[in-house]
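Geometric and topological summary
One letter stands for each residue in the lines below.
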Amino acid sequence: MVLKAFFPTCCVSVDSGLLVGRWVPEHSSAVVLAVLHFPFIPIQVKQLLAQVRQASEVGVAVLGTWCHCRQEPEESLGRFLEGLGAVFPHEPWLQLCRERGGTLWSCEVTHRQAPTDPSAPGEDQVMLIFYDQRQVLLSQLHPPTVLPDRQAGATPASTGGLAAVFDTVARSEVLFRSDRFDEGPVRLSHWQSEGVEASILAELARRASGPVCLLLASLLSLVSAVGACRVFKLWPLSFVGSKLSTCEQLRHRLEHLTLIFSTRKAENSAQLMRKANTVASVLLDVALGLTLLSWLHGRSRIGHLADALVPVADHVAEELQHLLQWLMGAPAGLKMNRALDQVLGRFFLYHIHLWISYIHLMSPFIEHILWHVGLSACLGLTVALSLLSDIIALLTFHIYCFYVYGARLYCLKIHGLSSLWRLFRGKKWNVLRQRVDSCSYDLDQLFIGTLLFTILLFLLPTTALYYLVFTLLRLLVVAVQGLIHLLVDLINSLPLYSLGLRLCRPYRLAAGVKFRVLQHEAGRPLRLLMQINPLPYSRVMHTYRLPSCGCHPKDSWGALCRKLFFGELIYPWRQRGDKQD
């Protein structure tokens, strides 16, 4: 049988003593957590181990002895360490020794009970694996594995042994709270034996965060209660709030702030990592927003933007007028239906005239509006970008109206032509069975249907051309809004804290381990060094990506082209609810 002994690298040079750790019988592994030094009283050692087992729910015990020969052989000490097996009985009993010079190691395994299987080999092969205790304690193994002693269920053998090592070190943190400056009855050597890591600023922040989080959580609950008032659920306010991206982003940030200032303690590392990523995302958002705010209010840039906005709107309106006049003529040499062409052209020109009048009416107030809009950047760059998307939607509302008019008219003609084509072939659409059935029509019905089919067919090119032009304009506006939404979604969902950990402390996010051979000699235990493989950046993004408020289109490219061909309205960023009969 191959026995694996995991030994911390921080204990390779400490004085002789007892090996304290956990035995994992399922994988024949011994995880050494600390070295217990002399002098000690056995009853106090047993009391300490009982307290650690109760606090950490880890089966900590004395696994064997550790002998470090520094200058000359210590035969009396070796015999004394061998006799401690009667005081602290454990099966099996390890005898680990580092001989003089530090290059030769020996490890013996003693069984007090005879093996039940007579065919089992008489001597165990020992594999000595060194690991960095601090890195293993602070790291998180991915993907997380459910251990048999934590939850019912089987664990794969390939990952169970490694996960058991990580889980044992992580849950034994109570054993590492003492250092050499403590005046306790037991002296231990581990990764914090030279001094417990702590920070006065971190401790003060931890103590002050409780009242501050409680106060801010109360204020956020009050804001949420005001937002949930029935007044805001009435038709005009609820409709406007559901269509504006700014309202959606404010609700999303309110959920983030509620999570950050919540007084509930994180139940596991995943919730803790999500909270840290949320804090980093909000801080990044506010920092970028304050940078934008300082840039806007410097050198009177808001005034320059206000002065340039009205000429740009007039230029866009003039270009649309030229486009409509081109369509009302002979666009690209196409023969259009003149009566329908003139009606549609004048209808859209009247809308442009109304829009220009509205822009000039609002021109005296544009600078004040932009000044207050710039102040929204103090809430974060995502709020400012969402407000910019809403402003673009309002400034291009006439283009949206043109698109809706053209799409509805084109869709009406397409459905009319399909229905009349079925009538022309002697068929009809069965609404109850949702299929096409045969049908006999009268002569008058066939005559009227053929006449309407001919009229709609010859009017279709004129309508299709207007629909095509305004659909392209609408798709251009949607593409600009889509880029803004993607940037907002990136800031909202970016796991900045996890990426920082991966960059600065890659061992904190472990994808697995690798082993490097230190010594492989005949008659000596195989010595390996366990090193942590960091999680790739792509898996960090996929694992810790935060949920966002963006509504991405669920339609494929084929479904989108089908909707465009049949004149159905496109909702790229908001999904229309399904109709219920």
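Residues numbered from 1 in each chain as written. Predicted model: local features only at pLDDT ≥ 70, side-chain atom pairs only at ≥ 80, totals over all residues. Heavy atoms only, no water.

Moving on, we get to the packing of aromatic side chains. According to the stated counting rule, one finds 18 aromatic pairs in the structure shown. Measuring from ring centre to ring centre gives 5.4 Å for W355 and Y358, while their planes differ by 40 degrees; the resulting arrangement is tilted. Of this pair, W355 and Y358 are both found in helix 10 (residues 338-362), 3 residues apart, which corresponds to roughly one turn of the helix. Take Y358: its relative accessible area is 42%, and that puts it in the partly exposed class. Through a chain of ring-to-ring contacts, three or more aromatic side chains come together here, namely F347, F348, F402, Y405, Y466 and F470. (Phe/Tyr/Trp six-rings, centres within 6.5 Å; stacked < 30°, edge-to-face > 60°. Helix = DSSP H or I, 4+ residues; strand = E, 2+ residues; numbered from the N terminus. Buried < 20%, exposed > 50% of the residue type's maximum accessible area, 1.4 Å probe, protein only.)

Formed by 40 residues in total, the largest nonpolar core has its most connected members in V31, L33, L36, Y131, V169, L175 and M530. It is helix 4 (residues 157-171) that contributes the most residues to this core, 6 residues altogether. In contact with L33, not counting residues within four places along its chain, are V20, G21, V60, Y131, Q133, T168, V169, S172, L175, F176 and H190. (Core = buried A, V, L, I, M, F, W, Y, C linked by side-chain atoms within 4.5 Å. Contact = heavy atoms within 4.5 Å.)

So, about the pairing of strand 2 (residues 17-24). Within strand 2, 8 of the 8 residues are buried, leaving the element largely enclosed by the surrounding structure. Judged from the 8 bridges that link them, strand 2 and strand 3 (residues 29-37) form a sheet pairing that is antiparallel. Within strand 3, the position partnered with W23 by the bridge is A30. With 6 bridges joining them, strand 2 and strand 4 (residues 60-68) adopt antiparallel strand pairing. Paired with L19 across the bridge in strand 4 is G64. (Pairing = 2+ DSSP bridges.)

Another point: the packing of helix 10 against helix 14 (residues 443-493). Running from N to C, helix 10 and helix 14 cross one another at 25 degrees; their axes reach a closest spacing of 10 Å. Judged on the interaxial angle alone, helix 14 and helix 10 are roughly parallel. Relative to helix 14, helix 10 is oriented so that their crossing is right-handed. Note on element contacts: helix 14 touches helix 10 through L459, T462, T463, Y466 and F470, opposite L340, D341, L344, G345 and F348. The residue inventory of the contact of helix 10 with helix 14, partitioned by class, reads 6 nonpolar, 3 polar and 1 charged. (Axes fitted to C-alpha atoms, helices over the stretch in contact; angles between N-to-C directions. Parallel < 35°, antiparallel > 145°, perpendicular 65-115°, else oblique. Left-handed = near helix turned anticlockwise from the far one by under 90°. Nonpolar A, V, L, I, M, F, W, Y, C, P; charged D, E, K, R; others polar.)

Moving on, we get to helix 9 (residues 301-328). Helix length check: helix 9 (28 residues) gives 41 Å between terminal C-alpha atoms against 40 Å at 1.5 Å per residue, within 8%. For helix 9, the full list of buried residues reads I302, G303, A306, V310, A313, D314, A317, L320, L324, L327 and M328. Looking at the buried residues of helix 9, the elements they touch are helix 8 (269-296), helix 10, helix 11 (366-375), helix 13 (397-424) and helix 14. (Expected span 1.5 Å × (residues − 1).)

Turning next to the UniProt feature "transmembrane region" (unreviewed entry) in the chain. UniProt's feature table lists "transmembrane region" (unreviewed entry) at residues 343-361, 373-396, 445-469 and 475-499, given in the numbering used throughout. Secondary structure content for residues 343-361 is 100% helix and 0% strand, while the C-alpha to C-alpha distance between its ends is 27 Å. Between the C-alpha atoms that bound residues 475-499 the distance is 35 Å, and the span itself is 92% helix and 0% strand. (UniProt positions renumbered as here; feature names shortened; annotations may be inferred.)

With that settled, the discussion passes to a nonpolar patch on the surface. A contiguous nonpolar surface patch, about 470 Å² in accessible area, is contributed by F447, I448, L451, L452 and I455. Assignment of secondary structure puts I448 in helix 14. On the accessibility criterion, I448 (45% relative accessible area) is partly exposed. (Patch = residues over 30% accessible without salt bridge, like charges linked within 9 Å, V, L, I, M, F, W, Y side chains within 5 Å. Areas by Shrake-Rupley, 256 points an atom, 1.4 Å probe, with all protein chains shown as cover. Salt bridge = Lys/Arg side-chain N within 4 Å of Asp/Glu carboxyl O.)

Let's shift gears to the packing of helix 9 against helix 11. Here helix 9 crosses helix 11 at 130 degrees, and the two axes come no closer than 9 Å. Considering the angle they form, helix 9 stands oblique to helix 11. The two elements helix 9 and helix 11 cross, and the hand of that crossing is right-handed. Across the interface between the two elements, I302, G303, L305, A306, L309 and V310 from helix 9 touch I366, E367, L370 and W371 from helix 11. Broken down by class, the residue content of the contact of helix 9 with helix 11 amounts to 8 nonpolar, 1 polar and 1 charged.

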